[in-house]
Amino acid sequence: MELALRVAELGRGQTSPNPLVGAVVVRDGEIVGQGAHLKAGTPHAEVHALRMAGDLARGATVYVTLEPCNHHGRTPPCTEALLAAGVRRVVVAVEDPDPRVQGRGIRRLREAGVEVTVGVLAEAARRQNEVFLHAARRRRPFVVLKLAATLDGRIAAMGESNAWVTGPAAHERVQALRRAYRAVAVGIGTVLADNPRLTVRPRGSPAESARQPLRVVFDSRLRFPPDAAMLKEPGETLVYTTDAAIAREARRAEALRERAEVVPVAADAADRVDLERALGDLFGRGIDSVLVEGGGVLAGALLAGRLVDKVVWFAAPKILCGGVAAVSGPAPAGMADAIALTGVQVEMAGEDVVLTGYPTYR
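All figures in this text were calculated on a predicted structure; none of them were measured in a lab. (Residues numbered from 1 in each chain as written. Predicted model: local features only at pLDDT ≥ 70, side-chain atom pairs only at ≥ 80, totals over all residues. Heavy atoms only, no water.)

### Section: the overall build of the protein
Inference 1: On a plain count of helices and strands, the protein comes out with twelve helices and 16 strands.
Inference 2: What you see for the protein is a C-alpha radius of gyration of 23 Å, in line with the 21 Å of a compact globule of 362 residues.
Inference 3: If one aligns the C-alpha atoms of the protein with their principal axes, the spans along those axes are about 70 × 45 × 45 Å.
Inference 4: For the protein, with 362 residues in total, the buried portion stands at 49%.
Inference 5: Here the analysis covers contacts within the protein between residues at least 6 apart in sequence; of these, 70% occur between residues at least 24 apart.
Inference 6: Entry remark: accessible area of the protein is about 17500 Å², with carbon and sulfur atoms responsible for 51%. (Helix = DSSP H or I, 4+ residues; strand = E, 2+ residues; numbered from the N terminus. Rg over C-alpha atoms; globule rule 2.2 N^0.38 Å. Buried < 20%, exposed > 50% of the residue type's maximum accessible area, 1.4 Å probe, protein only. Contact = heavy atoms within 4.5 Å. Areas by Shrake-Rupley, 256 points an atom, 1.4 Å probe, with all protein chains shown as cover.)

### Things to note about the pairing of strand 1 (residues 22-27)
Inference 1: Counting buried positions along strand 1 gives five out of six residues, so the element sits mostly inside the fold.
Inference 2: Hairpin connection of strand 1 to strand 2 (residues 30-36): two residues between the antiparallel strands, including Asp28 at a positive phi of 55°.
Inference 3: Relative to strand 3 (residues 61-66), strand 1 runs antiparallel, the two sharing four bridges. From the neighbouring strand, Val24 faces strand 3, where its bridge partner is Tyr63. (Pairing = 2+ DSSP bridges.)

### Looking at the nonpolar core
Inference 1: Core analysis: the biggest nonpolar cluster contains 34 residues, and Val25, Leu50, Leu82, Val87 and Val90 have the highest contact counts within it.
Inference 2: Examining the composition of this core, we find that five residues originate from one element, strand 4 (residues 89-94), more than from any other.
Inference 3: With 32 residues, the next largest nonpolar core counts Leu177, Tyr181, Val186 and Ile246 among its residues. (Core = buried A, V, L, I, M, F, W, Y, C linked by side-chain atoms within 4.5 Å.)

### Description of unusual backbone geometry
Inference 1: With an omega of 10°, the peptide bond between Ser16 and Pro17 qualifies as cis.
Inference 2: The topology assignment puts Pro17 in the loop between helix 1 (2-8) and strand 1.
Inference 3: Residues Gly294 and Gly295 are joined by a peptide bond in cis, for which omega reads 0°.
Inference 4: Residue position: Gly295 is located in the loop between strand 12 (289-292) and helix 12 (296-304).
Inference 5: For Asp28, which is not glycine, the phi torsion reads 55° and is therefore positive.
Inference 6: Note that Asp28 resides in the loop between strand 1 and strand 2.
Inference 7: Exposure remark for Asp28: the relative accessible area of 70% places this residue in the exposed category.
Inference 8: The backbone of Arg306 sits at a positive phi, close to 55°, despite the residue not being glycine.
Inference 9: Residue placement: Arg306 occurs in the loop between helix 12 and strand 13 (310-316).

Okay, structure coming up:
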């Protein structure tokens, strides 16, 4: 199963809206086949692994990181491929919560006489497919909040823009994050201060194309400049605003629509874009994950609304003693009201510390 999980990573950033899946075929203690799901609409991991195994799949054990599907989609059911290959046993890491599956794949195999074991390395498999599993259960995108700040939680000095807080290794990690998620989002304050491009650089040769994430901007008063740098980049840009803002800024909205999609959503109690409704709209567009890169007001609003599912904090070994806060919002009454992170992992990216964790809300 550990090998199946590693093989599944070959599809990272390419399979959405499908999950990452790896499969390994073992016969008489020897690995005779392995495969990964690499792109939506292409054969699933089990099919690749069975093809590699050939006749050796008969009587073999198949390890798969997610329950095999039992329905016709863009590809035939994996359960039928496993039965046709004559496998004896299937070991599954986690069940698939997709309404079209939900235990049906496991039940189909068992009814056909195949021994099925469920729950091997389940937690690792859940972490690997946290985006897919979350979207299937919650019906909204998995929101990852990425922050880069000094040790005292500052993203820039007052009045400063386009300043690099972290080093080159951290920047490469951010590129990897952008590749991994379907959309990258910022607030209008970040657009006005930094004029970011929010692009993914090609890997390998400069001529190599890169899949660009959908760029999303939350702009309650529609201040987005029609000549912003991101609008000159390949890929699509979505600007969420309110009906009142469009009515006030009709000319700007008209100019902006030539290069981006302007989407009105209901305003919340503070007359800002209702973030939960905007995320629901993204989910309806097939977006299962959003990487939020700033700024402080947007980060604070998402956390206050309990809409952040994962935090990736890049901490630079610097102390600024003032400046722009990484997260801003109403001050809590005390430390007991702080949002704690669980499942915390700490790594180094050059000289910067990368802390990853999952918020728990009181």
